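# Observations on the three-dimensional arrangement
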Amino acid sequence: MTERAVAYYRVSTARQGASGLGLDAQRAAVEGLCAARGWELIAPPFQEIESGKRVDRPELLKALDRAKLTGARLVIAKLDRLSRDAVFLLTLQNSGVRFVAADMPDANELTVGIMALVAQSERKAISTRTREALSAAKARGQRLGNPNGAATFKRAGKGNTAALEAVTANATARAAEMGPTVERLRSAGVVSLGGIAAALNDDGILTARGGRWHASSVRNLLARIDAKSGAAA
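Nothing here was measured: the structure is a model prediction, and the numbers come from that model. (Residues numbered from 1 in each chain as written. Predicted model: local features only at pLDDT ≥ 70, side-chain atom pairs only at ≥ 80, totals over all residues. Heavy atoms only, no water.)

The subject of this paragraph is the overall build of the chain. Each helix and strand in the chain was counted, giving nine helices and five strands. In sequence order, the chain lays out its α and β elements as β-α-α-β-β-α-β-α-β-α-α-α-α-α. Sequence-distant contacts, at least 24 apart, represent 70% of the contacts inside the chain between residues at least 6 apart. A total of about 13800 Å² of accessible surface is found on the chain, and carbon and sulfur atoms cover 54% of it. (Helix = DSSP H or I, 4+ residues; strand = E, 2+ residues; numbered from the N terminus. Contact = heavy atoms within 4.5 Å. Areas by Shrake-Rupley, 256 points an atom, 1.4 Å probe, with all protein chains shown as cover.)

So, in structure tokens, the structure goes:
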């Protein structure tokens, strides 16, 4: 069976995203690696346009979810570019999804774990140096801060972001992951057990055990989804 892969690209600014600056190189690296190893890229690539300081990664979570549902591996272009991004590294490490980076194809979960620890340590060191510098400036009588800072952040709509959650491998979590996909199929008129199984297989989505869908496995999935919906009601 051909190995399957899901591509994830990231640029830091909207300008880069609009112009394609940096994306072409990432795409070429990922496609080149997949071609060299005989991997099939499935689904459209997932592309994130955001600052490295943000802690939410919606497209990364979508890419990881797609890779997990289809049994594919996540492929990125440059792991070294993200080596200081603790949020990305920890999300990747905790996801349980296999991954490979075109610039560091031998990197593994241990490599990423070490990078995440280094990134966290560096962030703490930067924070400590910043506090010390501000304290020294204050001691010199220098006026600090922006009197309109709070209002500025409020106008910008910035606030606490939701904590990232790793996708768990148990059946209940699998049902929650599959819920939107099943609802989409039902909305499209695919309601029979056999029909849903065929649609999931056509989309390349695997069961929790990595196999093909059958009417019986769809029945079990729907029972879990309905039970979760009943508990939430």
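Formed by 20 residues in total, the largest nonpolar core has its most connected members in Val6, Tyr8, Leu74, Ile76, Leu79, Phe88 and Leu92. Secondary-structure elements contributing two or more residues to this core are strand E1 (4-11), helix H3 (58-70), strand E4 (73-76), helix H4 (86-95) and strand E5 (99-101). Beyond its immediate sequence surroundings of up to four residues, Tyr8 is in contact with Phe46, Glu48, Arg57, Glu59, Leu60, Ala63, Leu74, Val75, Ile76 and Phe88. (Core = buried A, V, L, I, M, F, W, Y, C linked by side-chain atoms within 4.5 Å. Buried < 20%, exposed > 50% of the residue type's maximum accessible area, 1.4 Å probe, protein only.)

For the rest of this paragraph, the subject is the pattern of salt bridges. Between side chains of opposite charge, pairing is possible as soon as their charged atoms come close. Under the counting rule described, the total for this entry stands at four salt bridges. Here Glu3 and Arg73 are joined by a salt bridge, their closest N and O atoms 3.3 Å apart. Here Arg73 lies in strand E4 and Glu3 lies in the segment before E1, a separation of 70 residues in the sequence. Assessed through its relative accessible area of 25%, Glu3 is described here as partly exposed. (Salt bridge = Lys/Arg side-chain N within 4 Å of Asp/Glu carboxyl O.)

The terminal C-alpha atoms of helix H2 (residues 23-37) lie 21 Å apart, and with 15 residues this matches the ideal 21 Å at 1.5 Å per residue to within 8%. All buried positions along H2 are accounted for by Leu23, Gln26, Val30, Leu33 and Cys34. Down the axis of H2, the sector holding all buried residues measures 110°, keeping them to one side. The exposed residues of H2 that point more than 90 degrees off its buried face are Asp24, Ala25, Ala28, Ala35 and Ala36. Gly38, located one to two residues past H2, shows a positive phi value of around 75°. (Expected span 1.5 Å × (residues − 1). Arc of directions from axis to C-beta.)

Attention now goes to the environment of Arg209. Inspection of the secondary structure puts Arg209 in the loop between helix H8 (193-202) and helix H9 (215-232). For Arg209, a relative accessible area of 85% gives the class exposed. Along the primary structure Arg209 and Gly71 are separated by 138 residues, whereas in three dimensions their C-alpha atoms are 9.5 Å apart.

Across the chain, the average pLDDT comes to 74, with 63% of residues at or above 70. Between residues 158-169, whose pLDDT stays under 50, and residues either more than four places distant or in other chains, the model counts 17 contacts. (pLDDT = per-residue confidence, 0-100.)

The next point concerns the side chain of Ser95. Its location among the elements puts Ser95 in helix H4. Residue classification places Ser95 among the buried positions, given a relative accessible area of 6%. Side-chain polar atoms of Ser95 contact the backbone nitrogen of Val97, separated by 3.1 Å. (Polar contact = N/O pair within 3.5 Å; in protein donor to acceptor, adjacent residues only side chain to side chain.)

Moving on, we come to the pairing of E4. Of the two faces of E4, both are covered, the one formed by Arg73 and Val75 as well as the one formed by Leu74 and Ile76. Alignment of E1 against E4, held across three bridges, turns out to be parallel. Across the sheet, Ala7 pairs through a bridge with Val75, a residue of E4. Sheet analysis places E4 next to E5, joined by three bridges and oriented parallel. Along E5, the bridge assignment pairs Leu74 with Phe99. (Pairing = 2+ DSSP bridges.)

Next up on the list: the environment of Val182. With respect to the helices and strands, the residue Val182 is situated in helix H7 (residues 171-187). Put simply, Val182 and Leu200 are 18 residues apart on the chain and 8.7 Å apart in space, counted from C-alpha to C-alpha. In contact with Val182, other than residues within four places in its own chain, are Leu221, Leu222 and Ile225.

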